[in-house]
Structures are given as structure tokens and as C-alpha cells.
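Each chain is listed here by its residues.
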Amino acid sequence: MIAVAATLAATGSVLLAHASDHLSEPVLHAVLLNWTTLPYIAAGAIAWARRPDSRFGPLMVIAGFAMFLSSLQWSPTSVPFTVGMVFDLLPAAIFLHVFLAFPSGRLDRGLDRTIVIVAYAAALGLQLVKMLLWSVDGQNELALTNERGAAFTVEDIELFGLSTLSVIGAAALLIRRRKLARPLRPSIALLVDSFALGLVGVAVLLIAGALEWPQFETIRRATFGIVGIAPVAFLIGLLRARLGRSTLGDLLVELQEGPAPTDLRDSLAGALRDPSLTLAYWLPEFDSWVDAKGRQIALPADDSERATKLIERDGAPMAALVHDPSLADEPELLDAVSAAAAIALDNERLHAELRARLEELRGSRQRVIEAGQEERRRLERDLHDGAQQRLIALSLELGRLGRAEDDPEVRVRLDQARREVAMSLQELRAVAQGIHPAVVSGHGLGVALQSLAAHAPVPVKLDVRLDGRMPERLEVAAYYVVSESLANVAKHAQATGATVEVARENGQLVVEVVDDGIGGADTEQGTGLRGLADRVEALDGRLRIWTPRRKGTRVRAELPCE
């Protein structure tokens, strides 16, 4: 039925063009009109047949027939001429509607709805007002007066208003595209670009008509040519979708080879021609969706700019393809790719579950380290505020008693007691510092390392290149790397000196301790080094040790700062 109506409309436009007495080039006018009429109707009919529930196909069909209605003004008789004049500028509003409603056929944004409503009001409402004011060479059956000047004023408002709305619509399309962090499918990118270019062309044509530019006819031809590109691009996309199904054989071959996670995504994205494709895996035990790295993610909402294709096994969700919503126009392709990838996705889901468990273990490990560090901080604070303060008070009291005592023997014993208290206090401070380095929390890593270097048993060359404070958990970990390394130098290295370098490099806090000792440190049995490795790895870092015999030991820790 649509094909018959389109054929009749095309034939009618050709006959009207030849019968018109005010067209200088009737054949060219008919060709340009049908260039915008037939492709829109054809593309809309195909889209309508493929997705009956979508409004986009019917919108394209209406846009094509609206162009034919506007051609009725070529008629030499008054009634068809009047009908054609009423719908003269309606195609501009409908094209704006079509372009902004892609791909669902619905205007989901408030700005888009406002633009389209105002455009229809201008294209139909102001057009009727103009026609009521002026008879247009006596053929306008709606004219009530013959106020030509007022009619032209209304026409200028109409043309400038529609041109402004077209420019706003084109800008909205381009801004919407730029805001998308993901790449568009090639066919969709071409279509969106043709939409925006078409709206710019319509805007220029309307302004040229309002200002009566001498190049109006040339601009009109160019604009008709540009507007006709959009349905052609749409049809090319449909053809590529049809041809794209032939890639399923290649996809099956790639899947048989057991691709890596990244290759699997790339293979599926290539088969679907959607570079923005992402994968999600359902983990029933965690009751959540995760990505290929095992990190929890949320599937996009129904009203977002992404769509989801669930892949199920035995009625339960297994994985999901998060894709460009335009792929909903190709449900057969989506179903075929999903079916072909089901086994590979199930295998990858198991890998994602393993990575999720590792991620949970890493988080649990880090929480244990942080809880232990908090407990160490509490013990250090309790020792400082409790036992140390009491020992200090006791030492002061003994000093006062010694000065007041006349018996020399008692004074000697009191002095000895004070020395014992001082030694106990020193040892307690060392214990408290080992439990938690308060100097790090209070003054930062640089000052804390200076204190370590000053009290080291061998000369230490210290080089700290940090711009400001780091997170405390990183500073504490770096402090213990240096502290434990220098302690090992004192106990085992027989070194004459050591070098400590701390810097931020490529988003990492890098700590390196090098000595000139005998090397050969036991990295497997040493509990201190193993504890350091646990502390560093709990922060997603890496601890490496080089300890060749007779050539010293080098300890390097790399802690991510992000």
C-alpha cells in the first residue's frame, strides 16, 4: 500500500511540475522533490516493517509524503494550490522531528520536544495566519484580506524562526554526539552527521528565502540534495546490517580458538559493528554484575543512552551485551551473535568470577592491614599517653628526691633508679615507634625518613622527591619498607653505607633502598621481608628484591597512588 501511494505521489509531482506555469525548470524540480520523497518513504517503510513498535519508520514515511503535499502548490487550480501552500513549510518541521527522534522515534528530551512543538506551530500556525492575510495571486482560497505587507512580516517571522530552530536542532545533535564517551557505530555516525548537515542546509535555505538572496535557487538545490542523504545513509546502514550477518562464520571460527577476554569483546564488537560494546557477567553468589576484571558494575537503565541484551542459560542470566541502542533495529543479528558467543561468554564468566573473588580477597586483605594499622596507632597512642607519661613523671619525682636526700648512698641509688627509668622510657619509645610511626602521621614521610636515616647504624644517603603529602596508608607502608630494610642492613648486610630514594613516578610511589653489603639475603624465610611484601601487595603494590652475593641488596617497592 505504501509503495503504491509513493508511486502515485511521485507520478503526481512530475505531472504537477510539467503543468505548472511558474516553474522555470519543471524536470529538475520534480527530480529534487522525488529525491527527498521516495528515499524517505522507502527507508521508513523498511524500518516500519522491521520494527512495527518503533515510531521512527512511520515518521520517515510521513516526512516523505509531506514533501509531496507541499508540491501541490505547483497546481494551476486554486484548491490544490491552497492545500500545497498550507503544507509548504511543514517538511522543515517534520525533518526536524525525524532527526531529533532518532533512533526510537520518540522525543525523550524536554528540549527536543520544545523545539519540535514550536516548529510545528510556526510551520502550520503562522502559515495559516499568512494565508488569511494575503490571497497570493488570487489562488489562495483561505484569504480573508489582502494585507500583503503584514503577510510578508508573518512570513519573515516564520522563516527566521524555523531557521533558528533548525540550527538549534543541529547543535543539539552534535552536542549529544560529543557527550558520548563511547564511539558511535560507523553507520550511525554517518546518519547523525547527515541529520545535522541537513538541518543546517534547511536553516540556510529558509534564511535565503527570507532575505531573497539571488542564490536562493542554488541553495535550494543543494539543500534538497543534502536532506536526501539521510534516508540513503539509513538504507546503507540496513544493507550493512544484512551483509554483517555473513561475519557470523568468522566469529564462530574466532570463538573456537578460545579468545582472551579482550579479544572476545573485540570479536563480538566486530561482528555487531559496535565499537562501544561492553560485556557484563552475572555472578549469582555475589548477586551482582561484574566486568571482565571482576569489578562490580550496574547495567544501564531503560531510559539511558545504552541498551542491554541479556544472554541466559537454563533460564538464568549468564552475561549481558551492553550495546548501542540502534542495534535494536537488528534483533536477528543480536540474537545470532549472542547464541554464537554463549559458550565463550560462560567460560569468561567463570574467569570474571575468579577475578571478582581475587578482588574481594584483595579488599579483605587491605581491610585487615588497615585494621591492624589502626590498632597499632591506638596502642602507640596509649603507650605515649599512659606508660611513657607515668615513667616521665616517675623520673622527675626521683630527681627531686635525689636532690633533697642528704645520704650519699641513697642519692646514688636514686640516680641509678633514674637511669633505669630513662632506659626503660627509651626502650618503650622504640617499641611504640615500632608499633606505629607517629612521626609519619604528624609530620609526613620526609621528616620520618630523616629521623630513620639519622639513627641508622650506617651512613644513609637520603633522597626524597615528593610534592606534598601522600595518603597515610602509603606513607606508613613506605616508612616500614625503609625501616625494615635499614634494620636488615644493620643485622645482616655488613654494609658501610646505604642509599634511600623515594619519589612519585608515573602514578606510583616508588621506594628504593640499596646497600653495599654482602648480599645473599634470604627472601623466602625472612619473616620481615615477607611481612613487607604482604603490606605492599595489600595496597596493590609490588615489592622486588635483588640480592646477589658480594654485591649488596636492593629493595624496591612500587605503590600505586591512584
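## Observations regarding the pairing of strand 8 (residues 508-515)
- Across the eight residues of strand 8, six count as buried, placing the element largely inside the fold.
- Where strand 7 (residues 498-505) and strand 8 come together, eight bridges link them in antiparallel fashion. Residue Val-500 lies in a different strand from strand 8, and its bridge partner there is Val-513.
- Inspection of the sheet shows strand 8 paired to strand 10 (residues 554-560) by seven bridges, in the antiparallel sense. In the sheet register, Val-510 faces strand 10, and the bridge partner there is Glu-558.

## Overview of the packing of helix 1 (residues 2-19) against helix 2 (residues 26-50)
- In the contact formed by helix 1 and helix 2, the axes pass within 9 Å of each other and the chain directions differ by 170 degrees. One finds that helix 1 runs roughly antiparallel with respect to helix 2. The residues of helix 2 that touch helix 1, namely those facing Ile-2, Ala-6, Ala-10, Ser-13, Val-14, Ala-17 and His-18, are Pro-26, Val-27, Ala-30, Leu-33, Asn-34, Leu-38, Ile-41, Ala-45 and Trp-48.
- Within the contact of helix 1 with helix 2, the residues separate by chemical class into 13 nonpolar, three polar and no charged.

## Focus on the packing of aromatic side chains
- By the definition in use, this model includes seven aromatic pairs.
- With centroids separated by 5.5 Å and ring planes inclined at 75 degrees, the aromatic side chains of Phe-102 and Phe-195 adopt a geometry described as edge-to-face. With Phe-102 in the loop between helix 5 (90-100) and helix 6 (110-133) and Phe-195 in helix 8 (residues 186-211), this pair connects stretches of sequence that are 93 residues apart.
- Among the aromatic residues, ring-to-ring pairing joins Tyr-40, Phe-56, Phe-95, Phe-99, Phe-102 and Phe-195 into one connected group.
- The residue whose ring lies beneath Arg-220 is Phe-224, and the NZ or CZ to ring-centre distance is 5.4 Å.
- Positioned above the aromatic ring of Trp-546, the side-chain terminus of Arg-554 is 4.3 Å from the ring centre.

## Considering the pattern of salt bridges
- All told, the structure shown has 13 salt bridges when counted by the stated rule.
- Here Glu-217 and Arg-220 are joined by a salt bridge, their closest N and O atoms 2.5 Å apart. Of this pair, Glu-217 and Arg-220 both sit in helix 9 (residues 216-227), three residues apart, which is roughly one turn of that helix.
- Put simply, Glu-512, Arg-542, Arg-544, Arg-554, Arg-556 and Glu-558 are held in one network by salt bridges that share partners.

## Side note on the confidence of the model for the chain
- Here the chain shows a mean pLDDT of 76. Residues at 70 or above account for 72%.
- Ranking the elements of the chain by mean pLDDT puts helix 11 (residues 248-256) last, at 55, and strand 8 first, at 92.

## Quick look at the packing of helix 4 (residues 78-86) against helix 6
- Where helix 4 contacts helix 6, the two axes come as close as 9 Å, and the packing angle between them is 135 degrees. Relative to helix 6, the element helix 4 is oriented oblique. For the pair helix 4 and helix 6, the contacting residues are Thr-82, Met-85 and Val-86 in the first and Ala-123, Leu-124, Gln-127, Leu-128, Lys-130 and Met-131 in the second.
- Of the residues belonging to the contact of helix 4 with helix 6, the class tally is six nonpolar, two polar and one charged.

## A look at a nonpolar patch on the surface
- Together, Phe-160, Val-200, Val-204, Leu-211 and Trp-213 make up a nonpolar patch on the protein surface, roughly 400 Å² of accessible area in all.
- Sorting elements by how many residues they give to the nonpolar patch places helix 8 first, with three residues.
- Among the structural elements, Trp-213 can be located in the loop between helix 8 and helix 9.
- Classification of Trp-213 by relative accessible area gives partly exposed; the value is 33%.

## Quick word on unusual backbone geometry
- Notably, Glu-212 is not glycine yet its phi reads approximately 55 degrees, a positive angle.
- Tracing the backbone through its elements, the reader meets Glu-212 in the loop between helix 8 and helix 9.
- On the accessibility criterion, Glu-212 (66% relative accessible area) is exposed.
- With a phi close to 70 degrees, Arg-550 is a non-glycine residue in the positive phi region.
- When you line up the elements, Arg-550 lands in the loop between strand 9 (542-546) and strand 10.

What counts, and where the lines are drawn
- Residues numbered from 1 in each chain as written.
- Predicted model: local features only at pLDDT ≥ 70, side-chain atom pairs only at ≥ 80, totals over all residues.
- Heavy atoms only, no water.
- Buried < 20%, exposed > 50% of the residue type's maximum accessible area, 1.4 Å probe, protein only.
- Helix = DSSP H or I, 4+ residues; strand = E, 2+ residues; numbered from the N terminus.
- Pairing = 2+ DSSP bridges.
- Axes fitted to C-alpha atoms, helices over the stretch in contact; angles between N-to-C directions.
- Parallel < 35°, antiparallel > 145°, perpendicular 65-115°, else oblique.
- Contact = heavy atoms within 4.5 Å.
- Nonpolar A, V, L, I, M, F, W, Y, C, P; charged D, E, K, R; others polar.
- Phe/Tyr/Trp six-rings, centres within 6.5 Å; stacked < 30°, edge-to-face > 60°.
- Lys NZ or Arg CZ within 6 Å of the ring centre and 35° of its normal.
- Salt bridge = Lys/Arg side-chain N within 4 Å of Asp/Glu carboxyl O.
- pLDDT = per-residue confidence, 0-100.
- Patch = residues over 30% accessible without salt bridge, like charges linked within 9 Å, V, L, I, M, F, W, Y side chains within 5 Å.
- Areas by Shrake-Rupley, 256 points an atom, 1.4 Å probe, with all protein chains shown as cover.

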